[in-house]
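# Notes for the structure review
Residues per chain, in single letters:
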Amino acid sequence: MKETQVRIERHINELSKFTSTPHKGVTRLTYSNEDLQARNYIKETMKEYGLNVREDGFGNIFGKLEGILNDAPSVLIGSHFDSVPNGGAYDGTAGVVVGLEVAALFSKNNLTPKYPLEIVALIEEEGTRFKGGLMGSRGIIGSLSEEDFKSLKDKDGISTEEAMSKIGLDTSLPKKRDPKTMKAFLELHIEQGPILEEKSSPIGVVEGIVGLTQLEVTVEGRAGHAGTTPMDRRSDALVTAAKIITQLPDLAIDEGEGTVITIGRLNVFPNGANVIPDKTVFTVDIRSGKEENVCNVIRKTKELIQSYSEDTIQTSVEQHLYIQPKALNKSIRSLLKQTSSELEIPYCSINSGAGHDAMILSDVTDVGMIFVPSKDGLSHCPEEWSDAHHLANGVQILYEAAKNLTETKS
Ligand SMILES: [Zn+2]
């Protein structure tokens, strides 16, 4: 355990050096020189741990420990290795490193699995260079087609395949992966929020990825001169919007079960200091692990907004985005919990408020995910930090789970 922890610390530290913004966090864009450096480090470590290394036509990296069965589907463990601009050393990378250390334990204990084990490091989860995000996993399952992949360009007009060639990646390698070659996917990720730390829970077993909706609300009133319109003759679109907005957080609080609501954007028209606003437009983002919660809060939000419509104030709500919550595989969730209990590592159930590669891969294979605490809940910043001891717990849990899922014999 101690050995694992020391190696985790070393890997995280080494990989954090592959950044285009030294001393200002990790900036590792897909197919950049820093990608190449991290890629080489990951591939070298995979070889050192006895894995057969290959890349696919997206530049995703796979290190495989062959199983006894021929042509059998693999149990995959991993995460992504790109970053946001000026991000931290743990987002994504922690999951890749933990995967590597699971493989190290297989090798150290001379285990031969029945089904193969593959450690994976995925590209462009953050969408920093080519937008969209979750590109490695969407490519693997084919929801990002080869044509769409090829048509993507970065802000300088460089296409994906040009960028790949520049760092020596082979663009002709197979892209989409046959789902039949995957038995399960396990991912460890940092929580990127404060819940585990507050609960002093070293592990969160992810029940599901939250569903979310985004509403755009328009409130229309009547413009008027700020000096000459008496207070009782006003139809102020901003004041009405403000009354609505201050009541929205309570809808999520009353709904409970981790439901959250965010009013992230507010535009005021005409936005002049001496004009009564005649129109405001704001967004409402509602998320929860349970579809029922999301739907209840949408309904209550619409009712609340509707109740402010009158002769001189018009309100309308448009739904721009709706993503269903996704429950992760039940038997793998149970396996992860049982394993944590057996190892006497306390855990709690948690929902993921952010999208992850695991969510994408759950469309084609059985997926399990665990979180480790993020210091002060911080992520996507240089201060991002997770305890290597917690990551080592993650290695223990995923190692035992992987042994079970690959039906290992020693
Ligand atoms: Zn991530």
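Residues numbered from 1 in each chain as written. Predicted model: local features only at pLDDT ≥ 70, side-chain atom pairs only at ≥ 80, totals over all residues. Heavy atoms only, no water.

### A few points about the packing of aromatic side chains
Note the following rule: Only rings of Phe, Tyr and Trp enter the pairing, Trp through its six-membered ring, and a pair is recorded when the two centres are within 6.5 Å. The plane angle decides the type: under 30 degrees is stacked, over 60 is edge-to-face, the rest tilted. Numbered from the N terminus, helices here are DSSP runs of H or I no shorter than four residues, and strands are runs of E no shorter than two. The buried label goes to any residue with under 20% of its type's maximum accessible area, the exposed label to any with over 50%, and the partly exposed label to all in between, with areas taken from a 1.4 Å probe on protein chains only.
Per the stated rule, a full pass over the model turns up four aromatic pairs. For the pair Phe58 and Phe149, a centre-to-centre distance of 4.9 Å together with 85° between the ring planes defines the contact as edge-to-face. Of this pair, Phe58 sits in the loop between β1 (52–55) and β2 (61–65) while Phe149 sits in helix α5 (residues 146–151), and the two are 91 residues apart along the sequence. Neither residue differs from the other here; Phe58 and Phe149 are each classed as buried. Taking the centre distance of 5.4 Å and the plane angle of 90° together, the rings of Phe106 and Tyr399 count as edge-to-face. With Phe106 in helix α3 (residues 93–108) and Tyr399 in helix α12 (residues 388–405), the pair connects residues that are 293 residues apart, well separated along the chain.

### Regarding helix α10 (residues 330–342)
Going by this rule: Between the first and last residue of a helix there are one fewer steps than residues, each counted as 1.5 Å, and that sum is the expected span. Should any heavy atoms of two residues lie within 4.5 Å, those residues are counted as being in contact.
The end-to-end C-alpha distance of α10, which contains 13 residues, comes to 18 Å, matching closely the 18 Å that a straight helix rising 1.5 Å per residue would cover. Along α10, the residues classified as buried are Ile332, Arg333, Leu335, Leu336, Lys337, Thr339 and Ser340. Buried-residue contacts for α10 involve β5 (182–190), β6 (203–209), β14 (326–327), β15 (347–352), β16 (366–372) and α12. Immediately beyond the C-terminal end of α10, within one or two residues, lies Glu344, with a positive phi of roughly 55°.

### As for the coordination of the zinc ion
Using the following cut-off: Sites may look incomplete, because water is not among the atoms used; the donor set itself consists of N, O and S atoms within 2.8 Å of the metal (3.2 Å for Na, K and Ca).
Only His80 (NE2), Asp91 (OD) and His189 (NE2) from the protein reach the zinc ion as donors, at distances of 2.0 to 2.2 Å. Each donor residue of the zinc ion lies on one chain, and together they are spaced H-x10-D-x97-H. Placement of His80 in strand β3 (residues 74–80) and of His189 in strand β5 is noted, with a sequence separation of 109 residues between them. With respect to class, His80 is no different from His189; both count as buried.

### What to know about the side chain of Asp82
Inclusion rule: Counted charges follow a simple rule, with Lys and Arg positive, Asp and Glu negative, and His plus the chain ends left uncounted. Here, a salt bridge means any Lys or Arg side-chain nitrogen found within 4 Å of an Asp or Glu carboxyl oxygen. Counting of polar contacts relies on pairs of N or O atoms within 3.5 Å, with two restrictions inside protein: one atom must be capable of donating a hydrogen and the other of accepting it, and residues adjacent in sequence are counted only when both atoms are side-chain atoms.
Mapped onto the secondary structure, Asp82 falls in the loop between β3 and α3. One buried charged residue, Asp82, remains without a salt bridge, the closest side chain of opposite sign being Arg28 at 7.5 Å. For Asp82, the side chain forms a polar contact with the main-chain nitrogen of Glu126, separated by 2.9 Å. Residues contacting Asp82, with those up to four places away along its chain left out, are Arg28, Thr30, Asp91, Leu122, Ile123, Glu124, Glu125, Glu126 and Gly127.

### Digging into the domain arrangement of the chain
Put simply, the rule reads: Domain delimitation follows an automatic or database domain assignment. What counts as buried area is the accessible surface, traced by a 1.4 Å probe, that two parts surrender upon association, with contributions from both included. By the convention adopted, Pro, Cys, Tyr, Trp, Phe, Met, Ile, Leu, Val and Ala count as nonpolar, Lys, Arg, Asp and Glu as charged, and the other residues, Gly among them, as polar.
Parsing the chain into structural domains produces domain 1 (2–210 + 325–406) and domain 2 (211–323). Between the C-alpha centres of domain 1 and domain 2 there is a distance of 38 Å. Taken together, the contact pairs five residues of domain 1 with eight residues of domain 2. In this assembly, domain 1 packs against domain 2 so that about 480 Å² is buried in total across both faces, 59% of it on carbon and sulfur atoms. Where domain 1 touches domain 2, the interface holds zero salt bridges. Connecting domain 1 to domain 2 are one residue pair in polar contact (both at pLDDT 80 or more). Here the side of domain 1 that touches domain 2 is composed, by residue class, of three nonpolar, two polar and no charged.

### Observations regarding the pattern of salt bridges
Considering all chains together, one arrives at 24 salt bridges under this definition. Salt-bridge contacts for Arg39 lead to Asp35; the nearest nitrogen and oxygen are separated by 2.8 Å. Of this pair, Arg39 and Asp35 both sit in helix α2 (residues 33–48), separated by four residues, roughly a single helical turn. Since its relative accessible area comes to 2%, Asp35 is described here as buried. Several salt bridges share partner residues, and in doing so they unite Asp35, Arg39, Lys43 and Glu55 into one network.

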